[in-house]
Amino acid sequence: MDAIFKALSDDTRRALLDQLRRRDGQTLKELEATSGLSRFGVMKHLGVLEAANLIVSRKVGRFRYHYLNAAPLQVVVDRWIEPLTLKIHARAILDLKADLERQSSMHAREKPDFVLETFIRAKPATVWEALTTAEMSKRYYIAGAAIHSTFEAGGGYQYLTPDGHPILSGKIIAAEPPTRLEMTFVPGWMGPNANASRVIYELTAIGDLTKLTILHHDIPPGQEGVKDGWAKIVASLKSLLETGKPLAFPSGAQS
């Protein structure tokens, strides 16, 4: 937590976060060109932001792209800020968090439009179980929706609410328990003609922790709101596995 506040205390680093808020997935060269900083200066500040897990980077081909990571900010919100929403400074921080993942530009298929990364105090097999079983997923997923699938490549999946309403569906592209899951993403709340995008879950064991990375490719125009939903879902998943209790979000929130 100290690393987060240290990273946010510097106005130059906040400006870099603002640059990524306006256009996610930028290279070092792009950040250098628009920040007015030297290459070394940008690298130095990016190092602090990465150490705080406020940004994550992804190498695609010869380039490394940098993305905002909402998960640590969600922890700050859940722990201290949500009870203080009527106070002006707390409201400003909440507004910052809400804005961080709002903007994105469309790029090639190989480059994710959105990346979220968090560390969960659980083994990959436990996180995999939470991602792929109806019993676990309904405890942390928005609207209490539970996933139903055999998780065989080429097969389908659905997230069904307690009353049987499908809010999300798609096809399983690849399932490699407990390290990787890839599937298409068709949001039911967008109507019957919703365009599909693609989601990849990556699970990496780091000691007693699992690094969970979510990469969302090809987000269609009009579906940018899924980014805020991912932050809520992952924060609730992390809370469930570490404390036994998911987070409570307002009913009707979309993923």
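Residues numbered from 1 in each chain as written. Predicted model: local features only at pLDDT ≥ 70, side-chain atom pairs only at ≥ 80, totals over all residues. Heavy atoms only, no water.

## Considerations on the pairing of strand 9 (residues 209-217)
Two faces make up the sheet, and in a regular strand the side chains alternate between them. Counting buried positions along strand 9 gives seven out of nine residues, so the element sits mostly inside the fold. Direction of pairing for strand 3 (residues 114-120) relative to strand 9: antiparallel, over a ladder of seven bridges. Along strand 9, the bridge assignment pairs V115 with L215. Here nine bridges tie strand 8 (residues 197-206) to strand 9, and the two strands are oriented antiparallel to one another. Residue T204 lies in a different strand from strand 9, and its bridge partner there is K211. (Buried < 20%, exposed > 50% of the residue type's maximum accessible area, 1.4 Å probe, protein only. Helix = DSSP H or I, 4+ residues; strand = E, 2+ residues; numbered from the N terminus. Pairing = 2+ DSSP bridges.)

## As for unusual backbone geometry
The omega torsion across P177 and P178 is -5 degrees, close enough to zero to call that bond cis. Looking at the element boundaries, P178 is found in the loop between strand 6 (166-176) and strand 7 (180-187). Even without being glycine, A143 reaches a positive phi, approximately 65 degrees. For A143, the location among the structural elements is in the loop between helix 8 (134-140) and strand 4 (146-149). Taking relative accessible area as the criterion, A143 reaches 48% and is therefore assigned partly exposed.

## Concerning the confidence of the model for the protein chain
In this model, the protein chain carries a mean pLDDT of 86, and residues with pLDDT of at least 70 account for 83%. Confidence over residues 99-109 falls short of pLDDT 50; this stretch has 30 contacts with residues more than four positions distant or in other chains. (pLDDT = per-residue confidence, 0-100. Contact = heavy atoms within 4.5 Å.)

## Quick look at the packing of helix 2 (residues 11-22) against helix 4 (residues 39-51)
Between two packed helices, the angle of one axis relative to the other and the distance separating the axes together describe the packing. In the contact formed by helix 2 and helix 4, the axes pass within 10 Å of each other and the chain directions differ by 80 degrees. Regarding the angle of helix 2 to helix 4, the classification is roughly perpendicular. For the pair helix 2 and helix 4, contact is made by T12, R13, L16 and L17 and by H45, L46, V48 and L49, respectively. (Axes fitted to C-alpha atoms, helices over the stretch in contact; angles between N-to-C directions. Parallel < 35°, antiparallel > 145°, perpendicular 65-115°, else oblique.)

## Considerations on the packing of aromatic side chains
Summed over the entire model, instances satisfying the criterion amount to six aromatic pairs. Both rings, one in F185 and one in W230, keep their centres 6.0 Å apart while their planes meet at 45 degrees; by these two values the pair is tilted. One end of the pair, F185, is in strand 7; the other, W230, is in helix 9 (residues 226-243), and 45 residues separate them in sequence. By relative accessible area, which is 2% here, F185 ends up buried. On the accessibility criterion, W230 (3% relative accessible area) is buried. Members of the aromatic cluster, joined through ring pairs, are Y140, Y141, Y157 and Y159. (Phe/Tyr/Trp six-rings, centres within 6.5 Å; stacked < 30°, edge-to-face > 60°.)

## Side note on the pattern of salt bridges
Tallied over the entire structure, the rule returns 10 salt bridges. For the salt bridge of K123 with D208, the shortest nitrogen-to-oxygen distance reads 3.6 Å. Here the residue K123 occupies a position in the loop between strand 3 and helix 7 (124-132), and D208 occupies one in the loop between strand 8 and strand 9, the gap between them amounting to 85 residues. Residue classification places K123 among the partly exposed residues on the basis of a relative accessible area of 44%. You can call D208 exposed: its relative accessible area is 55%. Residues E182 and R180 are paired through a salt bridge, measuring 2.8 Å at the closest nitrogen-oxygen approach. Relative accessible area serves as the criterion here: at 8%, E182 is assigned to the buried category. A single network of salt bridges, built from pairs that share partners, joins R180, E182 and R198. (Salt bridge = Lys/Arg side-chain N within 4 Å of Asp/Glu carboxyl O.)

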